[in-house]
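Inside the fold
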Amino acid sequence: METRVLKVHPWRPEPEVVEAAARVLRGGGLVAFPTETVYGLGADALDAEAVQRIFEAKARPADDPVIVHVCEAGAEVDRVAVDVSDEARRLMQRFWPGPLTLVLKRGPRVPTVVTAGGDTVAVRCPDHPLARALIRAAGTPLGAPSANRFAHTSPTSAQHVLDDLEGRIEMVLDGGPTRIGVESTVLDMTAEVPTVLRPGGVSLEALTGELGTVRFRPAARAPGEGAAHSPGLQDRHYAPGAPMHLYCGDDGAVRRALEEALAHAHRQGQRVGLLASTEDLQAMAVDRDRVEVGVLGSLANLEEVARNLFRVMREVDAAHPELILARDVPERGLGRAIRDRLRRAAKVVVEL
Ligand code: TXA
Ligand code: MG
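Worth saying up front: this structure is predicted, and the values here are computed from it rather than measured.

Thoughts on the sheet that holds strand E15 (residues 291-297)
Pairing within the open sheet is parallel, and its five strands lie in the order E15-E14-E16-E13-E17. The open sheet is flanked by E15 and strand E17 (348-351), the only strands paired with a single partner. On average, each strand axis in the sheet is inclined to that of its neighbour by 20°, with strand direction left out of account. Looking at chain direction, strand E14 (residues 272-277) and strand E16 (residues 323-327) are connected through four bridges and run parallel. Residue pairing in the sheet places Leu 274 in a bridge with Leu 325 of E16. Relative to the sheet, helix H8 (residues 251-268) contacts strand E13 (244-248), E14, E15 and E16, its axis offset from that of E16 by approximately 170°.

Structure representation (C-alpha cells):
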C-alpha cells in the first residue's frame, strides 16, 4: 500500500486536506495525525474492523486497549462512555482539550476490540486544532494509539511515523513536530480513588490540586513487580534498537558513572550513544567524534526535555550504536512522565 503524506497547517488546517483524511477514516482506513503529545494512528473507533487494522499495522497485541479521541466533552463523550461521574466531568472542564485521558465505563457502541475486551474505555480530547478538526470532519470518535510500531519509541514528527509505518497505513497528516512530546496522563476514574495508570502531559501535582487525593500506580516496570493495571504498560516499551543503560542518582554521581562507562566502551572499541542534558555536556569531557551525542535539553526546563526526548532517542539510535547511555531526570512536573518513558525504554537501570 502507498502511504500518502499530506502537509497541513497545524492550527489553521486546510479544510480540503482535512476532508480528504476524513474520507479515508469514514471508509475504514488508517490516518496518522499530530496531537499535542505525540502522533496518533487513527481509525473510526466505532468500526471494529477499522480498529482491528490499527493492531495489524502496529503489530500491537490485542490485549492492549486504545484511547478514544473525541473533539469535545459533553455529548461526544456520551457516545462512547456511560455513568460518567461529576468528578470526571469537572476534570474534562478543567483539563480538556489537553493531555489527560480518562478511563470511564464503556458505552455499548464501542466495539470490544477498542477496549481489549474490557468494560472500561479510555477517552481523551486532544489540544490540537488539526486533530480536533479531523475528528469533527470524520463525524466519529477516533481510536488512536501512538503511531509507532509496537514497543518502539513514540513518534513526534510525521517522518517518525513513516520510519515505522510507511506502506502499512493509508495516510499521514504532516502538521510538524508535536508540542509536548510525551503522551497523555492516563487517569482511571472507575477506581475507588482516581488512579494514575500512566504519568504524562498533565502532572500529578496538577491532578492533586484538582482532586485532592490521587493514587499513583503506573504498571510495574519489571516483570514480577505485580500485575499491569494499564494493560499496555508492559516492560520495555518506547525502546530504541540498541540496548539502553539508564543512570539514576545525583548529578555528580551520574556524570562520573557516564564518563566511566564511556571510557570503558572506548576501550572495548564499542560504538556508543549518549543521551545527556546540556548541563552534563558542559561538565563532562565527551569525545564527540567517538560518541553519538543526543542533547535532551536543560534539566531546568523539563518541558524542553519532554519535547526532545523521543526525537533524540530516535536520532541517536539511527547512528546504530551498540549501546546507548542515558541519564535520568528529576521527578517533578513532566519529569515523572519522562522518567517513566526512560525506565521502560532502558534495558538496564543503574541506581547510583
Ligand atoms: O497522548 C496520547 O495518549 C497518545 C496520543 C496519540 O493521543 N496516545 C497514546 O496511545 O499514547 P497508546 O495506545 O500508545 O497508549 C494508550 C495507553 C496504554 O498504556 C493503554 O494500556 C492505556 O492507555 N489504556 C487504554 N485504554 C485503557 C483502559 N480502558 N483501561 C486502562 N488503560 C487503558
Ligand atoms: Mg504508545
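The rest of the description comes next.
Overview of the packing of aromatic side chains
Inspection of every chain in the model, using the stated rule, returns one aromatic pair. Its end group placed over the ring of Phe 95, Arg 94 keeps NZ or CZ at 4.4 Å from the ring centre. Against the face of Phe 216 rests Arg 336, its NZ or CZ located 5.8 Å from the ring centre.

Things to note about the packing of helix H10 (residues 302-318) against helix H11 (residues 335-345)
Remark: H10 packs on H11, axes separated minimally by 9 Å, with the N-to-C direction vectors making an angle of 20°. When the axis of H10 is compared with that of H11, the two are roughly parallel. For the pair H10 and H11, the sense of crossing is left-handed. Counted together, Leu 302, Val 305, Ala 306, Leu 309, Phe 310 and Met 313 of H10 and Gly 335, Ile 338, Arg 341, Leu 342 and Ala 345 of H11 form the full contact between these two elements.

Looking at the packing of helix H1 (residues 15-26) against helix H5 (residues 129-138)
Relative to each other, H1 and H5 sit at 55°, their axes nearing to 8 Å. Considering the angle they form, H1 stands oblique to H5. Two packed elements cross with a definite hand, and for H1 against H5 that hand is right-handed. Where H1 approaches H5, its residues Val 18, Glu 19, Ala 21, Ala 22, Leu 25 and Arg 26 are matched on the opposing element by Leu 130, Ala 133, Leu 134, Ala 137 and Ala 138. A class-by-class count of the residues in the contact of H1 with H5 yields nine nonpolar, no polar and two charged.

Describing the pairing of strand E2 (residues 31-34)
Because side chains alternate across E2, one face comprises the buried residues Val 31 and Phe 33, and the other comprises Ala 32 and Pro 34, equally buried. Two elements, E2 and strand E3 (residues 39-44), share four bridges in a ladder whose sense is antiparallel. Each bridged residue has a counterpart across the sheet, and for Phe 33 the counterpart in E3 is Gly 40. Here E2 folds back onto E3 in antiparallel fashion, the turn holding four residues.

Quick look at the pattern of salt bridges
For side chains of opposite charge, pairing can occur when their charged atoms come near one another. What the rule picks out here adds up to 27 salt bridges. One salt bridge connects Arg 136 with Glu 72, and the closest N-O pair in it is separated by 3.7 Å. Of the two residues, Arg 136 sits in helix H5 while Glu 72 sits in the loop between strand E4 (67-69) and helix H3 (75-78), which places them 64 residues apart along the sequence. Judged by relative accessible area, which is 42%, Glu 72 ranks as partly exposed. The closest approach of N and O atoms between Arg 311 and Glu 315, which form a salt bridge, is 3.3 Å. Linking Arg 311 with Glu 315, this pair stays in helix H10, spanning four residues, or about one helical turn. Looking at Arg 311, the relative accessible area reads 30%, which means it is partly exposed.

Brief notes about the confidence of the model for the protein
Mean pLDDT over the protein: 94, with 95% of residues reaching 70 or higher. Scored below 50 in pLDDT, residues 221-234 shows 30 contacts in the model against residues more than four places distant or in partner chains.

Quick notes on the nonpolar core
Core analysis: the largest hydrophobic core is formed by 32 residues, its most contacted members being Trp 96, Leu 100, Leu 102, Leu 104 and Leu 187. When residues of this core are traced back to their parent elements, those giving at least two are helix H2 (48-58), helix H4 (86-95), strand E6 (100-106), strand E7 (120-124) and helix H7 (204-211). The greatest single-element share of this core, amounting to four residues, is contributed by H4. Residues in contact with Trp 96, not counting those within four places in the same chain, are Val 70, Ala 73, Val 77, Leu 91, Leu 102, Val 123, Arg 124 and Cys 125.

Thresholds applied
- Residues numbered from 1 in each chain as written.
- Chains lettered and ligands numbered in written order.
- Predicted model: local features only at pLDDT ≥ 70, side-chain atom pairs only at ≥ 80, totals over all residues.
- Heavy atoms only, no water.
- Pairing = 2+ DSSP bridges.
- Helix = DSSP H or I, 4+ residues; strand = E, 2+ residues; numbered from the N terminus.
- Axes fitted to C-alpha atoms, helices over the stretch in contact; angles between N-to-C directions.
- Contact = heavy atoms within 4.5 Å.
- Phe/Tyr/Trp six-rings, centres within 6.5 Å; stacked < 30°, edge-to-face > 60°.
- Lys NZ or Arg CZ within 6 Å of the ring centre and 35° of its normal.
- Parallel < 35°, antiparallel > 145°, perpendicular 65-115°, else oblique.
- Left-handed = near helix turned anticlockwise from the far one by under 90°.
- Nonpolar A, V, L, I, M, F, W, Y, C, P; charged D, E, K, R; others polar.
- Buried < 20%, exposed > 50% of the residue type's maximum accessible area, 1.4 Å probe, protein only.
- Salt bridge = Lys/Arg side-chain N within 4 Å of Asp/Glu carboxyl O.
- pLDDT = per-residue confidence, 0-100.
- Core = buried A, V, L, I, M, F, W, Y, C linked by side-chain atoms within 4.5 Å.

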